[in-house]
Amino acid sequence: MTARLKLPSADDLTYAQHQGWACCLCGKSLWTKVGGVSVGRARGGVGAHSFDIEVYACPDCAPGSATPGG
Ligand SMILES: [Zn+2]
């Protein structure tokens, strides 16, 4: 079970966060051995056009989601 995290709006993400290269919560780079874990989908969009994208977080921000010793 993954604890539900408060995800940012997709509109507020940086390019790196949008691409899944950085933690969507703290902005830390996910170009590490551990990498990031999927924490759900951030909602975004303007007006009638809504979309959401999968976002990733570092293990610090998503405790329990990462696989220990992986
Ligand atoms: Zn983080």
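Quick note: structure is the one above.
In this text, all values refer to a predicted model and were calculated from it rather than measured experimentally.

With that settled, the discussion passes to the overall build of the protein chain. For the protein chain, the helix and strand inventory stands at one helix and two strands. Put simply, the protein chain runs from its N terminus to its C terminus through helices and strands in the order α-β-β. When contacts within the protein chain are restricted to residue pairs at least 6 apart in sequence, long-range pairs at least 24 apart make up 48% of them.

Another aspect to go through is the nonpolar core. Ranked by internal contacts, the top residues of the largest apolar core, which has 13 residues, are Cys23, Cys24, Tyr56 and Ala57. Of all the elements in the fold, those that place two or more residues in this core are β1 (37-46) and β2 (49-57). Looking at this core element by element, the count peaks at three residues for β2. Discounting residues that sit within four places of it in the chain, alanine 57 has contacts with Leu5, Cys23, Cys24, Leu25, Gly36, Val37, Val39 and Ala62.

Looking now at the pairing of β1. Pairing of β1 with β2, which is carried by nine bridges, proceeds in the antiparallel orientation. Each bridged residue has a counterpart across the sheet, and for serine 38 the counterpart in β2 is tyrosine 56. Once β1 ends, the chain turns through two residues before running back antiparallel as β2, passing glycine 47 with a positive phi of about 60°.

In this section: the environment of glycine 36. Assignment of secondary structure puts glycine 36 in the loop between α1 (15-19) and β1. Dropping the residues within four chain positions of it, glycine 36 is found in contact with Gly20, Cys23, Leu30, Tyr56, Ala57 and Cys58.

With respect to the helices and strands, the residue alanine 22 is situated in the loop between α1 and β1. Put simply, alanine 22 and glycine 35 are 13 residues apart on the chain and 9.2 Å apart in space, counted from C-alpha to C-alpha. In contact with alanine 22, not counting residues within four places along its chain, are Thr14, Ala16, Gln17, Gly27, Lys28, Ser29 and Leu30.

Conventions and cut-offs
Residues numbered from 1 in each chain as written. Predicted model: local features only at pLDDT ≥ 70, side-chain atom pairs only at ≥ 80, totals over all residues. Helix = DSSP H or I, 4+ residues; strand = E, 2+ residues; numbered from the N terminus. Contact = placed C-beta atoms within 7 Å. Core = buried A, V, L, I, M, F, W, Y, C linked by C-beta atoms within 7 Å. Buried ≥ 20, exposed ≤ 12 C-beta atoms within 10 Å, placed from the backbone. Pairing = 2+ DSSP bridges.

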